[in-house]
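# Chain and residue survey
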Amino acid sequence: MVKWLAAAVDGKDPAKLEQAFRWLYTFIRPHRRAIIGLLGLSMLGSAFVLLQPWLTKMLIDDALLAGDYNLLLVMAGAMIGVGILSTILSGVNRYLHTQLSGRILFALREHLYCHLQTLSPRFFGGRRIGDILSRLDGDVSQIQRFAVDSLFSAFSSVLGLVGALVLLVSLSWQLSLLVLVLIPLEVLWLRWMRRKVERQTRIMRERSADLSSFLVETLPAMKFIQASAQEKREANKLNGLSDRYLGELLNLQVVEFFTQAIPSTLTSLTRAAAFLIGGYWVIQGQWQLGSLIAFSTYLGMATGPVQSLLGLYVAIQRMSVSLDRVMELRRATPEVSLPEQPVTLPEHVQGDIVFEQVTFGYQADRPILSQANARFSAGRSTALIGPSGVGKSTVIDLLLRYYDPSQGRILLDGVELRHIPLDQLRQHIAVVSQEVTLFRGSLADNIRYAAPSATQEQLLHAIEMAQLTDWVATLPQGIETPIGERGSQLSGGQKQRVAIARALLQQPSILILDEATSAVDEATEREVITNVNRLFSGTTRIVISHRASTLVDVDERLLLHEQQLLDDLPRHTDTTGVQGAS
Ligand SMILES: Nc1ncnc2c1ncn2[C@@H]1O[C@H](COP(=O)(O)OP(=O)(O)OP(=O)(O)O)[C@@H](O)[C@H]1O
């Protein structure tokens, strides 16, 4: 089946496609029983549909034309019964079908979402979020529609076709030959059109991703757009993108119209030919009227499935484009691998960090660190200084294992980071940075984010320590007050204090303050720093800041200069640190 599907698509790389179909099958396999049950119901539904014209034939030829009123009553009753059963069956079918289809769709999306969670900031930095969104939403739905809906419709089409062909031949084998001429002609036409459908679908999906990317990028930046008085420019851009998308969508409609129009014209011609020949036989008295009507209905039933099977062929081309786009996400590999033999950290981690001969760069020819050695001593605060863009945040990313060094190693309490389970490592590190991530939900939910099981007392204590109590008292629902998505209702200083409260609740062994107090005034900063030093006195602290005042109390200073982490003397208060390196 998988091989057949891969062969049906006119792809450049059939092996890759086959692998994609195999991956897709892993989501369908757990639902085998439900699928078989639904196929059974479809068979029953098809049988009911096929029964109706036969009942009509009997009603006309055996009851109506033969003047048998009792049989007429029986046939009419049977037709009503079959109609009701058919309706109930189709309702049940649709319900179960939606359930199955939803389960497969959500499993697919969840799987991809979990995979994205393993990827590094470099992956997200290099992609438009709108494009990822469009793959997770539009493309995944397209695949699911094909995987479930189209395959079911294919099954009932095959059943309908076989049933209708059998009944057609039993009514008149000579007229049935018309269908045999029709099918190969339609298949040839569709083979010719498939490449055009595939190309046009890809263009259309890309334009749709452009549109999502635009919205994802501009909506959060609305304040900036308004401040720059560029609303009109952005509206024009949206207009242009929408026009381009619509243009490609219409082009696709035209391509699909021609793809389907020729087969349906051929079908109409065949039906007309059947009526001409069959009608002539009826006029000559060689055939009965009921048989001609039943034949024409079955012909419709046979050509309908042929067309939907051919439509399915077009749907495969469309789906293969979405599958390819989704597989691109799936094939993105995490930058860091999970340890094969993980070393579990003890419950109490000292927080002693050692960089040994560490080399790392985003590009091989532009290293950020080159054989750098350094120590962030356990329980002490260390300032990490250096000019903007030198790589301070990158050092932190290495510590959190978003990336691994290309050479050398980083140790936490003597254990190489690569050997520590990722979640354990990250649970021990709290980062309070310039950009505070807040989610839709209550203030309490946001503070509890990294420690969901914290008690109410611990939560209130953290709020107090982060000096949020007075502000919380002014909120309409206190800590249960919902804060808007991205925390847009909070000031910069409030956000940073929320982040500090969050870190307090997490009780980390290592606390990283990356420009954490840059948004508060100096008096508040002093207070926050005094509190942090008091509350996290036994915790290893790494402080990054361009403000001299933030760094006055630190125990040690490390300067990132010329890809080295150098001990910097405390007398150097210049936070760019370049002069201090001499
Ligand atoms: N994901 C990435 N992919 C490629 N290059 C990156 C990536 N992240 C950062 N860089 C580059 O690496 C260099 C170091 O960046 P980093 O953010 O670590 O500097 P920084 O010292 O923290 O800067 P600042 O003080 O301004 O915050 C910069 O030149 C930056 O452009």
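Residues numbered from 1 in each chain as written. Predicted model: local features only at pLDDT ≥ 70, side-chain atom pairs only at ≥ 80, totals over all residues.

- As annotated in an unreviewed UniProt entry, the protein is ABC transporter ATP-binding protein from Neptunomonas marina.
- According to the UniProt record, the Subcellular location (unreviewed entry) comment for the protein reads "Cell membrane". (UniProt positions renumbered as here; feature names shortened; annotations may be inferred.)

## Things to note about the domain arrangement of the protein
- Domain annotation of the protein identifies domain 1 (12-331) and domain 2 (353-581).
- A C-alpha centroid distance of 53 Å is found between domain 1 and domain 2.
- Among the residues making up the side of domain 1 that touches domain 2, the classes are represented as two nonpolar, one polar and one charged. (Domains from an automatic or database assignment. Nonpolar A, V, L, I, M, F, W, Y, C, P; charged D, E, K, R; others polar.)

## Quick notes on the UniProt feature "transmembrane region" (unreviewed entry) in the protein
- The feature "transmembrane region" (unreviewed entry), as given by UniProt, occupies residues 34-51, 71-96, 151-169, 175-192, 266-283 and 295-316 in the numbering adopted here.
- End-to-end, the C-alpha atoms of residues 71-96 are 37 Å apart, and along that stretch the chain is 100% helix and 0% strand. (Helix = DSSP H or I, 4+ residues; strand = E, 2+ residues; numbered from the N terminus.)

## Regarding the sheet that holds strand 5 (residues 415-416)
- Strand order in the open sheet formed by four strands is 2-1-4-5, and the pairing between neighbours is antiparallel. With one partner strand each, in any of the chains shown, strand 2 (369-376) and strand 5 form the two edges of the open sheet.
- The pairing of strand 4 (residues 407-412) with strand 5 spans two bridges and is classified as antiparallel. Within strand 5, the residue paired with Leu412 across the bridge is Val415. (Pairing = 2+ DSSP bridges.)

## Some details on helix 17 (residues 522-535)
- An ideal rise of 1.5 Å per residue puts 20 Å on 14 residues; helix 17 measures up with 19 Å between its terminal C-alpha atoms.
- All of the buried residues along helix 17 are Glu525, Val528, Ile529 and Val532. Seen along its axis, helix 17 keeps its buried residues to an arc of 100°; they face one direction. With respect to the buried face of helix 17, the exposed residues turned more than 90 degrees away are Ala523, Thr530 and Arg534.
- Where the residues of helix 17 are buried, they touch helix 16 (492-506) and helix 18 (548-551). (Expected span 1.5 Å × (residues − 1). Buried ≥ 20, exposed ≤ 12 C-beta atoms within 10 Å, placed from the backbone. Arc of directions from axis to C-beta. Contact = placed C-beta atoms within 7 Å.)

## A few points about the site of the ligand
- For the ligand, the set of nearby residues contains 13 residues, the closest of which are Tyr362, Ser388, Lys392, Ser393 and Thr394.
- Of all the secondary-structure elements, those providing two or more residues to the shell around the ligand are helix 5 (121-125) and helix 11 (392-399).
- In the shell around the ligand, the residues fall into four nonpolar, seven polar and two charged.
- Three or more residues apiece are contributed to the shell around the ligand by two domains, here domain 1 (12-331) and domain 2 (353-581). (Near = placed C-beta within 6 Å.)

## Some thoughts on the nonpolar core
- In this structure, Leu384, Val432, Ala462, Ala466, Ile500, Ala501 and Leu504 are the most contacted members of the largest nonpolar core, which totals 62 residues.
- Looking at which element gives the most residues to this core, the answer is helix 16, with seven residues.
- Those residues within four positions of Ala466 in sequence are excluded, and the remaining contacts are Arg497, Ile500, Ala501 and Leu504.
- Core analysis: the second largest hydrophobic core is formed by 41 residues, Ala20, Leu171, Tyr298 and Val314 among them. (Core = buried A, V, L, I, M, F, W, Y, C linked by C-beta atoms within 7 Å.)

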